Amino acid sequence: MLLLLSPNPIGENPERVVQFAQSSLRRRDSRFSIGPRTVTSRPIGRGSDLAPSLSEGGPRLPLFRRRLVAAAMFVSDCRREFYDVIVSQRVLLLVASDVDALCACKILQALFQCDHVQYTLVPVSGWQELETAFLEHKDQFKYFVFINCGANVDLLEILQPEEDVSFFVCDSHRPIHVVNVYNDTQIKLLVKQDDDLDVPAYDDIFRDEEDEEEDSENESDGSEPAEKRRRLQEDVIERTMKRRQRREWEARRREILFDYEQYEYHGTSSAMVMFDLAWIMSKDLNDMLWWAIVGLTDQWVQDKITQMKYVTDIGILQRHVSRHNHRNEDEENSLSIDCMRIAFEYDLRLALYQHWSLYESLCNTSYTSASLKLWSVQGQKRLQEFLADMGLPLKQVKQKFNSMDMSLKENLREMIEESANKFGMKDLRVQTFSIHFGFKNKFSASDIVYATASLMENIEKEGHETTNFIKALDSLSRGNLDKLHQGLDLAKKQLRAIQQTVASCICTNLVISQGPFLYCCLMEGTPDVKLFSKPVSLCLLSKYLLKSFVCSTKNKRCKLLPLVMAAPMDVEQGTVIMVGIPPETESSDKKNFFGRAFERAADSTSSRTLHNHFDMSIIELKTEDRSKFLDALISLLS
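If you're wondering where the values come from, they're calculated on a predicted model, not measured in any experiment. Along each chain, numbering runs from 1 in the same order as the chain's sequence is written. The predicted nature of this model means local features are confined to residues of pLDDT at least 70 and side-chain atom pairs, given and counted, to a pLDDT of 80 or more, with totals for whole chains, interfaces and linings taken over all residues. Heavy atoms throughout the structure, all of them, feed into the side-chain values; hydrogens and water do not.

S.K.: So what's going on with the overall build of the protein chain? Residues and values would help.
M.R.: Think of it this way: any DSSP run of H or I at least four residues long counts as a helix, any run of E at least two long counts as a strand, and we number them from the N terminus. What the protein chain contains, in helices and strands, is 25 helices and 19 strands. Note on classification: 1.4 Å probe, protein chains only; a residue is buried when its accessible area is under 20% of the maximum for its type, exposed when over 50%, partly exposed between these limits. Evaluated residue by residue, the protein chain yields a buried proportion of 55% over its 638 residues. A separation threshold of at least 6 residues defines the contact pool for the protein chain, and within that pool the share at least 24 residues apart is 74%. Note on contacts: a residue pair qualifies if any of its non-hydrogen atoms lie within 4.5 Å across the two residues.

Now the structure itself:
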């Protein structure tokens, strides 16, 4: 899974430099050739045997292998402790397959291009590809940068690097593994300083070897005088007390680690962290700022962060937008045709509406579709009433947005917001940013997110995942508008497929209550089921379905339940992909407990699962083990 890139300009197409890389791509089957060695890819096996996460007792600590310190190893000065260290070195970038990671990668690539840093970029979609990439390149590189992967597992345990290897981890996944936090030699964490991490104190989870060895010291052969025997008895009592204290400490440690690791959530966007680095070095460009905006918007579109976190980060970026795009009217009129301009605005919460028809966007946006219940005949009537209330003719709303009458488009946002309030859609307005390329092309940040994500999970052309990664990365450059438009077309198909599947699931009562959670399983033969074998598409479908179900059900208890969703993954191997989604509530903190729950359910039933995704709440499972796995999950969460 190798993509070799030398420093290139921001808008340059990287495909011209990957010919060598294409020859080294290997099929992901049971074995990988790595120089004189071979490593066997892990088959689907038992529970957390494959899960790169903490065991029940927490992290093991072989002190001869690692050096841990009581101070957390977060990089406080990104320029001095990170960039200045790698700027004169060859660097391997390991980039996860999500839009935020791509945006962070683009920013770092632009910085590398400024300083002529040599690097190799390897896209990784899961832990297996990450381990394989490291094994293939560990002899050529001493400096590794992980983008949106690596923070939530013990990297040293998984990768077993040499002591002169350094890992720089920029990852929004939380919680961060405690061994990564307290390692002071090989792992450096690029984390926004004001993120609330709640990392346990060092002394609460680690003990020195000397404490463990004290119990075995001062042994006697029993042939001592009476006074020494009395002293020996005192030593026995003291050692007994120490063992009791140690058991109490271990019990407290397990409790602390359980509380810390119980929920999976996301911190500040990695693209924003990288933009902060560029800003500190006075190398921030409008392109980099736009990528940071898209990275944040990806977190919001994928429902990974709270509304409060989103609004806070939007405020931070808005100040940078004002600084980079401040022009008076005379300058505005003198702009060249290929200029780039970013603007903050309150926009409609309608997916792709400026590149679609308003009618299609209303029907295929999760928020409006769920609020109006468009899967029902009554919902379709409410949509007609909604359009009538706005005074918009069907002929106008069903044609492309760009072709609508200017008189209607001028006050469209105000008209829609006013009518939306009457129909219970009070959150139809959202803070966001838009970008103008010259005088013709205008895109909102969410448009870019949908397009890029669709390119990355494109199933229309049979090709290697790396090819999709390259196209998605290309689409973020302003010189590749053709790829961006291709991504927009794919995104429309994806949104249609999602809404049709949601309507089908609700109308046929496929969402059932399993007690502590809701459950829905897509069967083989369902339309577009191949699309939902991809993790991002399945997560979007799951979140849209849960939102729609909450709006449709009259059962108050069910409105507060999380959702587990499964879809066929590989029919030949007999596997399904399963995702867990937290409850759809206004006060939701977006924390997901399914990652740990999936591990425990797999362990207790010896289910054959593969925990290969960077999001722990997504797993692959043998189809015949699904029933016993779900029974264990119900028992665990009840």
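S.K.: Give a detailed account of the packing of helix H10 (residues 270-280) against helix H12 (residues 307-324), specifying residues and quantitative values.
M.R.: H12 packs onto H10 with a crossing angle of 35° between their chain directions and a minimal axis gap of 13 Å. Crossing hand, H10 versus H12: left-handed. Each of Met272, Phe275 and Trp279 in H10 lies in contact with H12, whose residues at this interface are Asp313, Ile316, Leu317, His320 and Arg323. Broken down by class, the residue content of the contact of H10 with H12 amounts to 5 nonpolar, 1 polar and 2 charged. Whenever a helix is involved, its axis is fitted only over the stretch in contact; in every case the axis is a line through C-alpha atoms, and angles between N-to-C directions fall within 0 to 180 degrees. By definition, turning the near helix anticlockwise from the far helix through less than a right angle yields a left-handed crossing, and turning it clockwise yields a right-handed one. Ten residues, namely Ala, Val, Leu, Ile, Met, Phe, Trp, Tyr, Cys and Pro, are considered nonpolar, four, namely Asp, Glu, Lys and Arg, are considered charged, and the remaining ones, Gly among them, are considered polar.

S.K.: Lay out the nonpolar core with the relevant residues and their values.
M.R.: Among buried residues, the Ala, Val, Leu, Ile, Met, Phe, Trp, Tyr and Cys ones that are joined through side-chain atoms within 4.5 Å form a nonpolar core. Formed by 147 residues in total, the largest nonpolar core has its most connected members in Phe82, Phe146, Phe167 and Trp290. Counting 25 residues, the second largest nonpolar core, distinct from the first, contains Leu358, Phe386, Val397 and Leu428.

S.K.: An account of the packing of aromatic side chains is needed here, citing residue identities and associated values.
M.R.: Each Phe, Tyr or Trp ring (for Trp, its six-membered ring) is paired with any other whose centre lies within 6.5 Å, and the angle between the two planes then decides the class: stacked below 30 degrees, edge-to-face above 60, tilted in between. Tallying each qualifying case throughout the model produces 23 aromatic pairs. Cluster of aromatic residues (ring-pair linked, three or more members): Tyr263, Phe517, Phe593, Phe594, Phe598 and Phe629. Directly above the ring of Tyr359 sits Lys398, whose terminal nitrogen or CZ lies 4.7 Å from the centroid. Only lysine NZ and arginine CZ atoms are considered, and such an atom sits over a ring when it is within 6 Å of the ring centre and within 35 degrees of the ring normal. For Lys409, the ring lying beneath its charged end belongs to Phe401, and the centroid distance is 5.2 Å.

S.K.: Which residues make up the sheet that holds strand S9 (residues 187-189), and what are the values?
M.R.: To summarise the sheet geometry, strands pair through backbone hydrogen bonds and adopt either a parallel or an antiparallel arrangement. Strand order in the open sheet made by the 5 strands is S5-S4-S6-S7-S9, with parallel pairing throughout. Unpaired on one side and paired on the other, strand S5 (119-124) and S9 mark the two borders of the sheet. Taken over all neighbouring pairs, the strand axes of this sheet differ in orientation by 20° on average, direction set aside. The strands touched by helix H3 (residues 99-115) are strand S4 (91-96), S5 and strand S6 (143-147); relative to S4, the strand with the most contacts, the crossing angle is about 160°. The strands touched by helix H21 (residues 465-475) are S4 and S5; relative to S5, the strand with the most contacts, the crossing angle is about 115°. Note: two strands are recorded as paired if DSSP finds a minimum of 2 bridges between them.

S.K.: I'd like to hear about the side chain of Ser454, residue by residue, with values.
M.R.: By the secondary structure assignment, Ser454 is in helix H20 (residues 445-456). Ser454 gets classed as buried once you look at its relative accessible area, which sits at 6%. Counted as a polar contact is a pair of N or O atoms within 3.5 Å, where, for protein atoms, one must be capable of donating a hydrogen and the other of accepting one, and residues adjacent in sequence contribute only when both atoms are in side chains. Within the local environment of Ser454, its side chain forms a polar contact with the backbone nitrogen of Ala491, the two atoms lying 3.5 Å apart. Residues within four places of Ser454 in sequence aside, it is in contact with Gly487, Leu490, Ala491 and Gln494.

S.K.: Tell me about the pattern of salt bridges, residues and numbers included.
M.R.: Any Lys or Arg side-chain nitrogen found within 4 Å of a carboxyl oxygen on Asp or Glu counts as a salt bridge. Per the counting criterion, the structure on display carries 24 salt bridges. Between Lys422 and Asp389 there is a salt bridge whose closest N-O contact spans 3.4 Å. Taken together, the positions of Lys422 in helix H19 (residues 412-422) and Asp389 in helix H16 (residues 377-390) put the pair 33 residues apart, joining distant regions of the chain. Look at Lys422 and you get exposed, because its relative accessible area is 55%.

S.K.: Outline H19, supporting the account with residue identities and numerical values.
M.R.: Looking at H19, one finds that the buried residues are Leu412, Ile416, Ser419 and Ala420. For H19, the angular spread of buried residues about the axis comes to 105°, placing them on one side. Across from the buried face of H19, at angles greater than 90 degrees, the exposed residues are Glu414, Glu418 and Lys422. Where the residues of H19 are buried, they touch strand S11 (340-348), helix H14 (358-364), H16 and helix H18 (406-410). The first or second residue beyond H19 is Gly424, which carries a positive phi of 80°. Our arc is simply the arc of the directions from the helix axis toward the C-beta atoms.

S.K.: Give me the lowdown on the sheet that holds strand S12 (residues 429-437), citing residues and values where you can.
M.R.: What the 3 strands build is an open sheet, ordered S11-S12-S13; its pairing is antiparallel. Sheet topology places S11 and strand S13 (441-444) at the edges, where each strand pairs with a single neighbour. Averaged over all pairs of adjacent strands, the angle between strand axes in this sheet comes to 30°, irrespective of strand direction. Strands in contact with helix H11 (residues 286-301) are S11, S12 and S13; relative to S11, the strand with the most contacts, it is inclined by about 25°. Along the sheet, helix H22 (residues 481-507) makes contact with S12 and S13, crossing S13 at roughly 50°.

S.K.: Describe H3, and please don't skip the residues or the numbers.
M.R.: Under the 1.5 Å per step criterion, the end-to-end length of H3 is 25 Å for 17 residues, consistent within 8% with the ideal 24 Å. Counted residue by residue, H3 has 14 buried out of 17 residues, so it is predominantly covered. Where H3 begins, one side-chain oxygen reaches toward the backbone nitrogen of Asp100, 3.1 Å away; that side chain belongs to Asp98. A positive backbone phi angle near 55° is found at His116, which sits one or two residues after H3. Each residue after the first adds 1.5 Å to the expected span of a helix.

S.K.: Describe in detail the pairing of strand S19 (residues 618-622), supporting the description with residues and values.
M.R.: The side chains of a regular strand alternate between the sheet's two faces. When you tally the buried positions in S19, you get 5 out of 5 residues, the bulk of the element. Neither face of S19 is open: one carries Ile618, Glu620 and Lys622, the other Ile619 and Leu621, and all of them are buried. Inspection of the sheet shows strand S17 (residues 575-581) paired to S19 by 5 bridges, in the antiparallel sense. Counted as the bridge partner of Val576 is Leu621 from S19. In this structure, strand S18 (residues 608-610) lies alongside S19, joined through 2 bridges in antiparallel fashion. Paired with Thr609 across the two strands is Leu621, which belongs to S19.

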